[in-house]
Amino acid sequence: MDQAVDKPATIAATSPLTESEKNAIIGGVLLSMLLAALDQTIVAPAMPTMARLLGHAEYLPWIVTAYLLTATAMAPLYGKISDVHGRRPTLYAAILIFLAGSLVSAIAPNMLVLIVGRAIQGAGGGGLFALAQTVIGDLVPPRERARYAAWIAGTWAVASITGPLLGGTFAEHLHWSLIFWINLPLGLLAMAIINKPLKKLPIAAKHHRIDALGAALLIAATALLLLALNWGGSAYPWLSREILGLLASSAVIWGAFALRLMRADEPLISLEVLSNPIVLAGTLSLFLLQAANIGLAVYLPVYLQSIVGLSASESGVALLGLMLGTVAGATFSGRTIPRFVHYKRIAMIGVSFAIVCLGALSFVAGHASLLVVEILTTCVGLGSGTTFPVATVSVQNAVDQAHLGVATGVLTFLRSLGSALGVAILGAVALGYGLPLAGEGAHSAGAAASAEAFTMIFLVAAAILLMALAALGLMPEKALRGHPETAAPVLAE
């Protein structure tokens, strides 16, 4: 069992950051986050080209799965490491690991090496997701922090839109490896931007050890769960012994991880953080919201092709309503939070609105025009987007500075896990109704069955949002801290 060095946490004394230095740091970490987000979307259009040139097309899904596995599993570990060793070295390590994975992927001579490179990329990318929000949390007091959540949502939207366009262009007109080579100059640029000002970032000077056993258990449990969610219903039936074995193994290791948290002298995730009702409810609400949003984003293009009759490229453009609506909702929420005492009501009203719109979409799923679909999905994005700033700021405001990295890492971890779970749940609904793949059922004899499937998909997404609304309702509110930054108690009253 790891022994912690018994030294009190202090805040390292540094000269104050200027506004230009703060903006440079925020710009640099958002650029880093953009790199990690892009590499979740940019590879999809180039995958057929990669399979043709590298061979072993049967392993093609692992290009995405390997990145998702390591990125999700590593997120909470980076939060803990940054709380112990500081943001700057941890962020630099994450960028360098990500760039190393990009280099391995770019020069990959075969599919196996490419998959290994993608796994290394994910190991760094998971840190970039968590640390970007953590560093912003260090720089900006909670009362002002909400507006930066809109920048994070915008970063994800840019990645979702430009990733497929860049990936397709590189693969078709240049070379698929440029998907990974482009990361090197951008990553080095991000490091150059944040190098000098990040040295002045105040950090909690703690002297503790990382719980290596706890980290290994968390990574193993997460990897097995994500494998089950990715393979279930596609590579293997949900009730096959392979999927049930993965789920059972994951459950056993999750149990071992829980025991480790209770018994370790210095657990990977502080029990004080996990027992905080604001952290619990806030992370749960974002977990459920992300499950509904990402699941909807995956199956909405299929709906637009099979029911509305759009082409693949047209359905991608039509998805902008949901994406831009989410950014607009997050922007509105972020700018509005400081003006309200009961700020969580912004998210509760927004999610309620999104639930109503999803219900309406399920009602007209079989005969809606493109205009109606665009209006309703944009409204779903507007409503659900309000939760991202509220949940993030609430969780960060609920803990003291010494636990900010851990809390943000847990939030990022559950957000990523929610994405995988949402796609799996809605995928199970689609398979249960025999939903055809994109483009195969457009205006065919199976269109009625497809419409019924999408009705149920939209209703299930609405039910998930309803659970997110319930989690928000259970989340206590705590007055947002402003300048000067003061330490908040770990346990909310």
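Residues numbered from 1 in each chain as written. Predicted model: local features only at pLDDT ≥ 70, side-chain atom pairs only at ≥ 80, totals over all residues. Heavy atoms only, no water.

## Let's talk about the overall build of the chain
Line of reasoning, step 1. When its secondary structure is counted, the chain shows 19 helices and 2 strands.
Line of reasoning, step 2. Looking at the chain residue by residue over its 493 residues, the buried ones come to 56%.
Line of reasoning, step 3. Intrachain contacts of the chain at a sequence separation of at least 6 include 85% that bridge at least 24 residues.
Line of reasoning, step 4. With an accessible surface of roughly 19500 Å², the chain has 70% of that area assigned to carbon and sulfur atoms. (Helix = DSSP H or I, 4+ residues; strand = E, 2+ residues; numbered from the N terminus. Buried < 20%, exposed > 50% of the residue type's maximum accessible area, 1.4 Å probe, protein only. Contact = heavy atoms within 4.5 Å. Areas by Shrake-Rupley, 256 points an atom, 1.4 Å probe, with all protein chains shown as cover.)

## Some remarks on the packing of helix 9 (residues 212–231) against helix 10 (residues 241–263)
A pair of packed helices can be characterised by two numbers: the angle between their axes and the separation between those axes.
Line of reasoning, step 1. At a closest axis distance of 8 Å, the pairing of helix 9 and helix 10 adopts a crossing angle of 155°. Put simply, helix 9 runs roughly antiparallel to helix 10. Crossing of helix 9 over helix 10 shows left-handed handedness. Here helix 9 contributes Leu213, Gly214, Leu217, Leu218, Ala220, Ala221, Thr222, Leu224, Leu225, Leu227, Ala228 and Trp231 to the contact with helix 10, which in turn contributes Ile243, Leu246, Leu247, Ser249, Ser250, Ile253, Trp254, Ala256, Phe257 and Arg260.
Line of reasoning, step 2. Across the contact of helix 9 with helix 10, the residue classes tally to 17 nonpolar, 4 polar and 1 charged. (Axes fitted to C-alpha atoms, helices over the stretch in contact; angles between N-to-C directions. Parallel < 35°, antiparallel > 145°, perpendicular 65-115°, else oblique. Left-handed = near helix turned anticlockwise from the far one by under 90°. Nonpolar A, V, L, I, M, F, W, Y, C, P; charged D, E, K, R; others polar.)

## Some thoughts on the nonpolar core
Line of reasoning, step 1. Counting 126 residues, the largest nonpolar core has Tyr303, Leu304, Leu358, Val373, Ile457, Phe458 and Leu465 as the members making the most contacts within it.
Line of reasoning, step 2. The element contributing the most residues to this core is helix 12 (residues 277–308), with 18 residues. (Core = buried A, V, L, I, M, F, W, Y, C linked by side-chain atoms within 4.5 Å.)

## Quick word on a nonpolar patch on the surface
Line of reasoning, step 1. A cluster of nonpolar side chains, contributed by Leu103, Ile107, Leu174, Leu178 and Trp181, occupies part of the molecular surface with about 450 Å² of accessible area.
Line of reasoning, step 2. Take Trp181: it is sitting in helix 7 (residues 178–181). (Patch = residues over 30% accessible without salt bridge, like charges linked within 9 Å, V, L, I, M, F, W, Y side chains within 5 Å. Salt bridge = Lys/Arg side-chain N within 4 Å of Asp/Glu carboxyl O.)

## Let's talk about the side chain of Thr392
Line of reasoning, step 1. Along the chain, Thr392 turns up in helix 17 (residues 387–397).
Line of reasoning, step 2. Engagement of the side chain of Thr392 in a polar contact is seen with the backbone oxygen of Phe388, the distance being 2.9 Å.
Line of reasoning, step 3. Setting aside chain neighbours within four positions, we find Thr392 in contact with Gln133, Leu286 and Leu411. (Polar contact = N/O pair within 3.5 Å; in protein donor to acceptor, adjacent residues only side chain to side chain.)

## Structural notes on the confidence of the model for the chain
Line of reasoning, step 1. In this model, the chain carries an average pLDDT of 76, and 80% of its residues clear a pLDDT of 70 or more.
Line of reasoning, step 2. Across the chain, the element-wise mean pLDDT spans from 43 in strand 1 (residues 10–11) up to 92 in helix 15 (residues 344–363).
Line of reasoning, step 3. Confidence over residues 1–14 falls short of pLDDT 50; this stretch has 33 contacts with residues more than four positions distant or in other chains.
Line of reasoning, step 4. This model gives residues 437–446 a pLDDT under 50, and the stretch forms 11 contacts once residues within four places in sequence are excluded. (pLDDT = per-residue confidence, 0-100.)

## Observations regarding the environment of Leu358
Line of reasoning, step 1. The topology assignment puts Leu358 in helix 15.
Line of reasoning, step 2. Residue classification places Leu358 among the buried residues on the basis of a relative accessible area of 1%.
Line of reasoning, step 3. Through-space distance from the C-alpha of Leu358 to that of Ile457 is 9.7 Å; in sequence the pair is 99 residues apart.

## Section: helix 9
Structural remark: α-helix, 3.6 residues per turn; residues separated by three or four positions point the same way.
Line of reasoning, step 1. Helix length check: helix 9, at 20 residues, gives a terminal C-alpha distance of 28 Å against a target of 28 Å (1.5 Å per residue), a fit within 8%.
Line of reasoning, step 2. Of the residues making up helix 9, those classed as buried are Gly214, Ala215, Leu217, Leu218, Ala221, Thr222, Leu224, Leu225, Leu226, Leu227, Ala228 and Leu229.
Line of reasoning, step 3. Positive backbone phi, at 85°, marks Gly233, one or two positions downstream of helix 9. (Expected span 1.5 Å × (residues − 1).)

## Some words on the environment of Glu272
Line of reasoning, step 1. Tracing the backbone through its elements, the reader meets Glu272 in helix 11 (residues 271–274).
Line of reasoning, step 2. With relative accessibility at 41%, the residue Glu272 sits in the partly exposed group.
Line of reasoning, step 3. Put simply, Glu272 and Val399 are 127 residues apart on the chain and 9.1 Å apart in space, counted from C-alpha to C-alpha.

## So, the packing of aromatic side chains
Line of reasoning, step 1. Following the criterion strictly, the structure yields 4 aromatic pairs and no others.
Line of reasoning, step 2. Plain terms: the ring middles of Tyr303 and Phe454 are 5.1 Å apart, the flat faces sit at 70° to each other, and that makes the pair edge-to-face. Of the two residues, Tyr303 sits in helix 12 while Phe454 sits in helix 19 (residues 447–474), which places them 151 residues apart along the sequence. Accessibility assignment for this pair places Tyr303 and Phe454 in one class, buried.
Line of reasoning, step 3. Taken together, Tyr303, Phe454 and Phe458 form an aromatic cluster joined through their ring pairs. (Phe/Tyr/Trp six-rings, centres within 6.5 Å; stacked < 30°, edge-to-face > 60°.)

## Concerning helix 3 (residues 62–85)
Line of reasoning, step 1. Taking 1.5 Å as the rise per residue, helix 3 with 24 residues should run 34 Å; its terminal C-alpha atoms sit 33 Å apart, in good agreement.
Line of reasoning, step 2. Among the 24 residues in helix 3, 19 count as buried, and that is most of the element.
Line of reasoning, step 3. Phi for Gly86, located one or two positions after helix 3, is positive at around 100°.

## What to know about the side chain of Ser333
Line of reasoning, step 1. By secondary structure assignment, the location of Ser333 is in helix 14 (residues 320–336).
Line of reasoning, step 2. Its relative accessible area of 0% is what places Ser333 among the buried residues.
Line of reasoning, step 3. Setting aside its immediate chain neighbours within four residues, Ser333 contacts Ile346, Thr386, Pro389 and Val390.

## Brief notes about the packing of helix 4 (residues 87–106) against helix 5 (residues 111–139)
Line of reasoning, step 1. It is at 7 Å that the axes of helix 4 and helix 5 come closest, and there the two elements cross at 155°. Relative to helix 5, helix 4 is oriented roughly antiparallel. The handedness of the crossing between helix 4 and helix 5 comes out as left-handed.
Line of reasoning, step 2. Within the contact of helix 4 with helix 5, the residues separate by chemical class into 14 nonpolar, 10 polar and 3 charged.

## Things to note about the state of the cysteines
Covalent bonding between the sulfur atoms of two cysteines is what defines a disulfide.
Line of reasoning, step 1. The final tally for this structure, using the stated rule, is 0 disulfides.
Line of reasoning, step 2. Counting only cysteine sulfurs, Cys379 is the nearest neighbor of Cys357, a cysteine outside any disulfide, at a range of 4.5 Å. (Disulfide = S-S within 2.5 Å.)

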